Amino acid sequence: MLRLRVESGLPMVSSARIVHHCFYPMTGANPSPNASPADLLLVNGRIATQDDRQSFVDALAIKDGRIHATGDAATVMAYRGAATRVVELNGRTVIPGLIDSHSHPIRGGLSYNLELRWDGVPSLADAMRMLREQARRTPPNHWVRVIGGWSEFQFAEKRMPTLEELNAAAPDTPVFVLHLYSSAMLNRAALRAVGYTRDTPDPPAGEIERDRAGNPTGLLIARPNAFILYSTLARGPKLPYEQQLNSTRQFMRELNRLGVTSVIDAGGGFQNYPQDYQVITELHRNEQLTVRLAANLFTQRPGEELADFSNWVKTVKPGQGDDLYRINGAGEMLVYSAADFEDFLEPRPDMPASMEADLTAVVTLLAQNRWPFRLHATYDETIARALAVYEAVNREVPFDGLHWIIDHAETISPRNIDRIRALGGGIAVQHRMAYQGETFGHRYGKAKSEESPPIKRMLAAGVPVGAGTDATRVASYNPFVSLYWLISGKTVGGMQMYTGANRLERMEALRLWTVGSSWFSSDEGKRGALAPGQLADCAVLSADYFSIPEEDIKGLESVLTLMGGNPVYAAAEFKDLSPPTLPVSPDWSPVAAYGGYGAPLMRKAGLEAHLAKAPRCSPFDPWGTPHGFGGCACAF
C-alpha cells in the first residue's frame, strides 16, 4: 500500500518544491552497506535512459540533483533511506528532460503574456474567434499580437486570415499577425498605431504593400529579410519589468508542461546584451528558473559586429555561470552579410561580396579567444562560403575541439556535411519544414523536399546533430511536434515530405532531443541521459511515446517534469507534487484566457466543437499552387 504524507525539506535548485510524497512501507527500507540513501526514487515506470546502450529500466534514484542509480525496482529500492521520497510511476513512460538546441526563450519570455498563440489551434475559425475575444478584453493602447508558431496549413481551412477579416474582428484594437519570417498583417488600427501612411517610405529590406491610391493595405512583406517585421513589432507597447518577470516564468512553465528542461538560446533580433538578459539574470538570482538556459550573444549592429564581439570577449566568457544559466558562445548572428534568412515564398538570397572578409574577422577573434560560435545558414550556397572561411581561419588558428555550429542547414549538400565533420562542427536542425514544407515544395520540387534537411545523411556522416524548434516565431516551441515531424516526415498540415530514407526511428529522434542536443552547450555526459552522475532532469509522459500511433505523438505532454530532481510541473495523478500556480499578469493576457500550445483552456471550454462546422478546402496539392493570400477559393 502507498500512503501520502505532507513534508518539506527537499534541497532546492529552483522555486519548485515537493508538497506530497509517496512512501513505501519501511519493511526492508535500510539501504545496503554500499548504497548511499537517495533523496528521491522513481519506481515502476518504463524509463528510457538514453545511456550508451539506449536501455530501459524500471526505476531510478536521485541524489543531490543528479541521477544516483538506475535499474529494476528491487535494485533501486536499496537506495531508500528514512527520508527518501518515493514516487510511483504507475507504468508511465519516462524520458530525459528535453533539450532544445536552438530556440529564443529569452526574447520570447519577455512578451509571452502579450501574445495570442495560434500554435496548434486546429481551425482558422477558432483562431479568429480567439482573436475577436482577445480584442474585446485588450485595454486601450495595447495590441493583439499573433507572433509566429503557426502555419496556415495546420488549419482545417488551409488558408490565412484576410485583412478584411482582421479589420472586422478588431475594428478599434491594433492587431499584428506575424507569418513566419515572410510577412505580417496589420489591421487599420495597427497601421494608425505605427504611423504607416501613403507617405511612409519602404525600408531598405522590406515592402509595405499599397493599394492603387498608394495607401498601405496592412500587409508587410519581408524582402529580402525580416527587418521590416521585427522593427514594426518593436513599435508596440511592452510589458513593464515586473510583468516581464511573470511572462518569462509563464513561458518556462509552458515549456515544462511539454517536458522541456533545457534550452540553448540562439540570441535574436532586437535582443540586446546585457539589457534584454536582465529578466533572466534576476530570475536566476532569485532561484526562479525552471528551465536551464545556455545563452548565445547575437550582434545587433550591421557593420559593427567585430566591435560588439571584441567588447564581449573582454567582458564575459563562455561557460560563465552555472548549470541553470550561463553564457554559451557567439551567434547565431555573427555578421549580417552572412545571414540568409529563409523565406521560401521568395528566391534564395545571394550574400554580398563582403561576407568572407566580415566573417573572417569575427571568426578569427572568436577562435583566438576560444569562443564557441554558431551561424544561421539555411542554404548550401551560404554554408559553402562560410566553410571556406572556417577552413582558412582553422589553418591559422586551429579550432581544435572548439564547438561551432551551423544552424538550420535545410539544403546542405553531402560535400558540405563532410566538410563540417572534418572541421569538428555540429548541425542544429529544427522543424521549420513542418511549417513551411508546402511552400518549399512548391518552389523547389518534390525531390529536393525529400531531403531538406538531410538529417539521415548528417547522422551517417558522424556529425553531431541536435534537434530544436527555432521558436517562438518561425515555428512552435512544442518539442513533440518536432519529434512527430522527425518520425513521420509530415508537416503540420499533413503533407508527406520525407520517405523512409530521411525519417528517424523513435529512439533515434528522441536521442537528437536529449544526448544529441547536449553537445551544443558543451554538456556531453552531463545532461541528456538518465545515467548515474548526470543531472536529474526528466519528464513523465501522458502516453507511451514508443508505442502510440504516430499522429498522437504531437499531442503528448508531460504529467511530471523534474529539473534537478525537483518538480517544476505536475498534473494528472501527480498534481499534488505541482509547484504553486503563478497567476498570469496582466489579467487580460491571452495566456490567462487560453493557456499555451493548442489553447487547452479553449478546448476545455468546449469551443473545439466549432471545428466540425468550419469550412474545409479541397486537398492541397503541394506541388501546385500554395494556399496563402488568395491561393484558395475560401480566401475570398
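Residues numbered from 1 in each chain as written. Predicted model: local features only at pLDDT ≥ 70, side-chain atom pairs only at ≥ 80, totals over all residues. Heavy atoms only, no water.

Student: Which residues make up the overall build of the chain, and what are the values?
Tutor: Assigned secondary structure in the chain consists of 21 helices and 25 strands. Put simply, the chain has 636 residues, and 62% of those count as buried. Partitioning the intrachain contacts of the chain with sequence separation of at least 6 by distance along the chain shows that 74% fall at a separation of at least 24. Counting only carbon and sulfur atoms, one obtains 52% of the accessible surface of the chain, whose full area is about 23,000 Å². (Helix = DSSP H or I, 4+ residues; strand = E, 2+ residues; numbered from the N terminus. Buried < 20%, exposed > 50% of the residue type's maximum accessible area, 1.4 Å probe, protein only. Contact = heavy atoms within 4.5 Å. Areas by Shrake-Rupley, 256 points an atom, 1.4 Å probe, with all protein chains shown as cover.)

Student: Could you give an account of the side chain of Ser-476, with specific residues and numbers?
Tutor: Among the secondary structure elements, Ser-476 is positioned in the loop between β22 (465-468) and α16 (479-488). The exposure class of Ser-476 is buried, given its relative accessible area of 0%. Polar contacts involving the side chain of Ser-476 include one to the side chain of Asp-119, which spans 3.0 Å. Dropping the residues within four chain positions of it, Ser-476 is found in contact with Asp-119, Gly-149, His-431, Tyr-435, Thr-469, Ala-471 and Tyr-597. (Polar contact = N/O pair within 3.5 Å; in protein donor to acceptor, adjacent residues only side chain to side chain.)

Student: Tell me what's going on with the sheet that holds strand β24 (residues 558-563), and back it up with residues and numbers.
Tutor: Reading across the sheet, the six strands line up as β5-β4-β9-β23-β24-β25 and stay open at both edges, with mixed pairing between neighbours. Looking along the sheet, the strands with just one partner apiece sit at the ends: β5 (56-57) and β25 (566-570). In terms of strand pairing, strand β23 (residues 538-541) meets β24 through four bridges, oriented antiparallel. Within the sheet, the bridge partner assigned to Cys-538 lies in β24 and is Leu-562. (Pairing = 2+ DSSP bridges.)

Student: I'd like to hear about the nonpolar core, residue by residue, with values.
Tutor: Counting residues in each nonpolar core, the largest one holds 127 residues, and the members touching the most others are Leu-334, Leu-359, Phe-373, Tyr-390, Phe-399 and Tyr-545. Excluding residues within four positions of it along the chain, Leu-334 makes contact with Thr-299, Glu-305, Phe-309, Leu-359, Val-362, Val-363, Leu-366, Phe-373, Arg-374, Leu-375 and Tyr-390. (Core = buried A, V, L, I, M, F, W, Y, C linked by side-chain atoms within 4.5 Å.)

Student: Got a sec to walk through the pairing of strand β6 (residues 59-63)? Specific residues and values, please.
Tutor: The element β6 is largely enclosed, with a buried count of four among its five residues. In this structure, strand β3 (residues 40-43) lies alongside β6, joined through three bridges in antiparallel fashion. Bridging across to β6, Leu-40 finds its partner in Ile-62. Adjacent in sequence and paired antiparallel, β6 and strand β7 (residues 66-71) are bridged by two residues, among which Asp-64 carries a positive phi angle near 55°.

Student: Now, about the packing of aromatic side chains: what can you tell me, with residues and values included?
Tutor: Under the criterion given, the structure shown has 26 aromatic pairs. Ring centres of Phe-373 and Phe-399 lie 5.7 Å apart, and the angle between their planes is 80°; this geometry places the pair in the edge-to-face category. Taken together, the residues Phe-373 in strand β19 (residues 373-377) and Phe-399 in the loop between α11 (380-396) and β20 (404-408) connect sequence positions 26 residues apart. Per residue, the accessibility class of Phe-373 equals that of Phe-399, and both read buried. With a centroid separation of 4.7 Å and 40° between ring planes, the pair formed by Phe-440 and Tyr-444 is classed as tilted. Of this pair, Phe-440 and Tyr-444 both sit in helix α13 (residues 433-444), four residues apart, which is roughly one turn of that helix. (Phe/Tyr/Trp six-rings, centres within 6.5 Å; stacked < 30°, edge-to-face > 60°.)

Student: Run through the sheet that holds strand β14 (residues 206-210), naming residues and quoting values.
Tutor: One open sheet accounts for five strands, arranged β11-β12-β13-β15-β14; its pairing is mixed. At either end of the open sheet lies a strand with only one pairing partner, and these are β11 (144-147) and β14. Geometrically, the sheet is characterised by an average inter-axis angle of 15° between neighbouring strands, direction not taken into account. Taken together, the four bridges between β11 and strand β12 (residues 175-179) define a ladder with parallel strand orientation. For Val-144, the partnering residue across the bridge sits in β12 and is Val-175. Lying on the sheet, helix α3 (residues 124-137) is in contact with β11 and β12; it crosses β11 at an angle near 145°. (Axes fitted to C-alpha atoms, helices over the stretch in contact; angles between N-to-C directions.)

Student: How would you sum up the packing of helix α7 (residues 241-257) against helix α8 (residues 278-285)? Please name residues and give values.
Tutor: Running from N to C, α7 and α8 point in directions that differ by 70°, and their axes come no closer than 10 Å. Put simply, α7 runs roughly perpendicular to α8. Counting all contacts with α7, which are made through Tyr-241, Gln-244, Leu-245, Thr-248, Arg-249 and Met-252, the residues of α8 involved are Gln-278, Val-279, Ile-280, Glu-282 and Leu-283. Grouping the amino acids of the contact of α7 with α8 by side-chain chemistry returns six nonpolar, three polar and two charged. (Parallel < 35°, antiparallel > 145°, perpendicular 65-115°, else oblique. Nonpolar A, V, L, I, M, F, W, Y, C, P; charged D, E, K, R; others polar.)

Student: Describe unusual backbone geometry, and please don't skip the residues or the numbers.
Tutor: Negative phi characterises most residues that are not glycine, and trans characterises most peptide bonds. Cis peptide bonds are those with omega within 30 degrees of zero, and the linkage from Gly-331 to Glu-332 qualifies with 10°. Inspection of the secondary structure puts Glu-332 in the loop between β18 (325-330) and α10 (355-368). Despite not being glycine, Leu-180 has its phi angle at roughly 55°, a positive value. With respect to the helices and strands, Leu-180 occurs in the loop between β12 and β13 (183-186).

Student: If you had to explain the pattern of salt bridges to someone new, which residues and values would you point to?
Tutor: Scanning all chains against the criterion turns up 33 salt bridges. Arg-53 is paired through a salt bridge with Asp-51; the nearest N and O atoms lie 3.6 Å apart. With its nearest N and O atoms 2.5 Å apart, the salt bridge here joins Asp-126 to Arg-129. Here Arg-129 and Asp-126 lie together in helix α3, a separation of three residues that amounts to about one turn. Both residues of the pair, Asp-126 and Arg-129, belong to the buried class. (Salt bridge = Lys/Arg side-chain N within 4 Å of Asp/Glu carboxyl O.)

Student: Account for α11, with residues named and values stated.
Tutor: In an α-helix, one full turn covers 3.6 residues, which means residues spaced three or four apart are oriented alike. The end-to-end C-alpha separation of α11 is 25 Å, in line with the 24 Å expected for 17 residues at 1.5 Å each. Within α11, burial applies to Asp-380, Thr-382, Ile-383, Ala-386, Leu-387, Val-389, Tyr-390 and Val-393. For α11, the secondary structure elements touched by its buried residues are α10, β19, β20 and α12 (414-423). (Expected span 1.5 Å × (residues − 1).)

Student: Can you tell me about the confidence of the model for the chain, naming the residues and giving the values?
Tutor: Taken residue by residue, the chain gives an average pLDDT of 90. The fraction at 70 or more is 89%. Per-residue pLDDT stays below 50 along residues 1-31; that stretch engages in 81 contacts with residues further than four places along the chain or on separate chains. Across residues 603-636 the pLDDT falls below 50, and counting only partners more than four positions away or on other chains, this stretch makes 67 contacts in the model. (pLDDT = per-residue confidence, 0-100.)

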